[in-house]
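Next come the chains, spelled out residue by residue.
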Amino acid sequence: MTRREPKVPSANRGPTNLNEQLPCVADFLRFTTREAVVFEDAFDDAARVRKVLAFLDWFFPASGLVLEGEAKGGRRGYTHHFQLLTPDGVSCGDVAYGGDRQRGTVSVELTGAACALVARSRPFADAWGHVRDCLDTVGARITEYHAAHDDYSGMRNLDTAREMYEAGAFDGAFKRPAMQRVGWNDGSGQTLYIGKKTATRQMVVYEKGREQGLRDGDEGVDWVRWEARFYARNREIPTAVLVAPWEYVVGEFPCMDWMSAVMSLMRTAVETAKGNFASAVRHCKRQYGGLLHLVAKLSMDDYALGAFVRQRIARAVVPRWVQENPLSGESLGVAFATHQLAI
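As a convention, each chain's residues are numbered from 1 in the sequence order in which they are written. It should be noted that, the model being predicted, local features are given only for residues of pLDDT at least 70 and side-chain atom pairs only at 80 or more, the latter also being counted only at that level, while totals for whole chains, interfaces and linings use all residues. Note: side-chain values were computed over all heavy atoms of the structure, leaving out hydrogens and water.

Draft legend 1. Region of interest: the overall build of the protein. Put simply, DSSP H or I for four residues or longer makes a helix, DSSP E for two residues or longer makes a strand, and each gets a number counted from the N terminus. Scanning the protein from N- to C-terminus turns up eleven helices and ten strands. Atoms counted for the radius of gyration: C-alpha only. Globule rule: 2.2 Å times residue count to the power 0.38. Radius of gyration (C-alpha) of the protein: 22 Å, near the 20 Å computed for a compact globule of 343 residues. Relative accessibility thresholds used throughout: buried, under 20% of the residue-type maximum; exposed, over 50%; partly exposed, between the two (1.4 Å probe, protein chains only). In the protein, which comprises 343 residues, the share counted as buried stands at 48%. Put simply, 64% of the contacts in the protein that link residues at least 6 apart link residues at least 24 apart. Two residues qualify as a contact provided that any one of their heavy atoms is within 4.5 Å of a heavy atom in the partner residue.

Right under this line is the structure:
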């Protein structure tokens, strides 16, 4: 099969786009296309790996997405899949294929981490405009898409969403969707689901700051995420959603017209790093605080304590929460410059 390369916008300003102010961003994407688009004439596993790598490079250039080189078992009704990884080796999606019931299609899934890697590769409209052109070129079909809006101050929270729901703001053409609130009242965070996953759309509002490990008194604990989820059941999700997700969200949920360009990839990554670090410190204090207090008393000075920690406790490994943050390289320095993490 000969691919028609999509026209790529000429602007490419590099990683400065991490601070672009946007109303919402992609947090999940799944689409299907024909096997021939991905594998072309590949006839064995080694050839399939090469073709999938070429496919990823075509669709998501400069994203840094890595392919696990060995096919695994079934997923989503397909008989095999290749795992997608971040540059740090953390799972962030897959390419699933095989099976008579799948009618010669391949399913590609990108999690929030993978979407962030795509978005960081160039300015938002360019990055996702390229993906949209690729999808349109091969006639791919989006089967699931999530768009996330971060309210860092928590001005509109779960109670706001519940009040909007009770006022009928999320009502469909003929009925009110179901609503469910889940989670514990121990400060670890709660989630409000408006609409079921079996429907064509769902609004999920959750306490993102608490999910990341922040607790009462921590800076950023009020961070709330509004996530609109769309499913292609008896309907089409247009590829235009990739370049202007906020327009699609407001079109499906007119009550969300208050969304404004207040979030950025960098701000979200920094807040995530701050929350994860606070959680890690809290865990360390609970598990090893007594030991470190004893060593501090015996050593009598901070230098000796620091030397003890470096030589006897510290390990030359990257914490999992750093690996899972797709923008950790850029965000950690910014996060540690804040007074919350100052050492």
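Draft legend 2. Spatial organisation of the layout of surface pockets. Roughly 620 Å³ of volume is contained in the second largest pocket. A cavity here means a set of points on a 1 Å grid, drawn over the protein atoms and nothing else, where a 1.4 Å probe fits but cannot get out; a pocket is an open set with protein on both sides within 12 Å along at least five of seven lines, and a residue lines either one if it has an atom within 4 Å of a point. G112, A113, K208, E324 and P326 are the residues nearest the centre of the second largest pocket, which is lined by 28 residues in total. At the level of secondary structure, the elements contributing two or more residues to the lining of the second largest pocket comprise strand 1 (25-34), strand 4 (91-97), helix 3 (112-120) and helix 8 (265-299). Grid points are joined across faces, edges and corners, and a volume is the space filled by probe spheres set on the points.

Draft legend 3. Structural detail: helix 4 (residues 124-138). Expected helix span is given by 1.5 Å per residue-to-residue step, counting one fewer step than there are residues. For helix 4, spanning 15 residues, the distance from its first C-alpha to its last is 22 Å, which sits close to the expected 21 Å at 1.5 Å a residue. Taken together, the buried residues of helix 4 touch strand 1, helix 1 (35-39), helix 2 (45-59), helix 3, strand 6 (141-151) and helix 7 (245-252). Directly beyond the C-terminal end of helix 4, a positive phi value near 70° is found at G139.

Draft legend 4. Examining the side chain of R30 more closely. Considering the arrangement of structural elements, one finds R30 in strand 1. For R30, a relative accessible area of 18% gives the class buried. Side chain to side chain, R30 and E109 meet in a polar contact 2.5 Å long. Apart from residues no more than four positions distant in its own chain, R30 is found in contact with R76, S107, V108, E109, R141, I142, T143 and E144. Under the rule applied, a polar contact is a pair of N or O atoms within 3.5 Å (in protein, one hydrogen donor and one hydrogen acceptor; residues adjacent in sequence only if both atoms are side-chain atoms).

Draft legend 5. Representation of the side chain of S121. Counting through the fold element by element, S121 comes out in the loop between helix 3 and helix 4. The exposure class of S121 is buried, given its relative accessible area of 15%. Within the structure, the side chain of S121 is placed 2.6 Å from the backbone oxygen of V118, a separation counted as a polar contact.

Draft legend 6. Spatial organisation of the packing of aromatic side chains. Two aromatic rings from Phe, Tyr or Trp, using only the six-membered ring of Trp, form a pair when their centres are within 6.5 Å; if the ring planes differ by under 30 degrees the pair is stacked, by over 60 it is edge-to-face, and anything between is tilted. Here the structure, examined in full by the defined rule, presents 13 aromatic pairs. Aromatic pair W58 and F59: ring centres 5.1 Å apart, planes at 85°, arrangement edge-to-face. On the basis of relative accessible area, F59 is assigned to the buried category, the value being 0%. Note on F230 and F253: the rings are 6.2 Å apart at their centroids and 35° apart in plane angle, and the pair reads as tilted. Of the two residues, F230 is situated in strand 10 (residues 224-231) and F253 in the loop between helix 7 and helix 8; the sequence distance between them amounts to 23 residues. Using a relative accessible area of 0% as the deciding quantity, one classes F230 as buried. Given a relative accessible area of 3%, F253 falls into the buried group. Connected via pairs of aromatic rings, a cluster forms that spans F31, F55, W58, F59 and F60.

Draft legend 7. Seen up close, the packing of helix 3 against helix 4. One can describe the packing of helix 3 onto helix 4 by two numbers: an axis separation of 7 Å at closest approach and a directional angle of 110°. Taken together, helix 3 and helix 4 sit at an angle that is classed as roughly perpendicular. Judged by residue contacts, C115, V118 and A119 of helix 3 engage A127, W128 and V131 from helix 4. Lines are fitted to the C-alpha atoms to define the axes, a helix being fitted only along its stretch in contact, and any angle between axes, read from their N-to-C directions, falls within 0 to 180 degrees. An angle below 35 degrees is treated as roughly parallel, one above 145 as roughly antiparallel, one from 65 to 115 as roughly perpendicular, and anything else as oblique.

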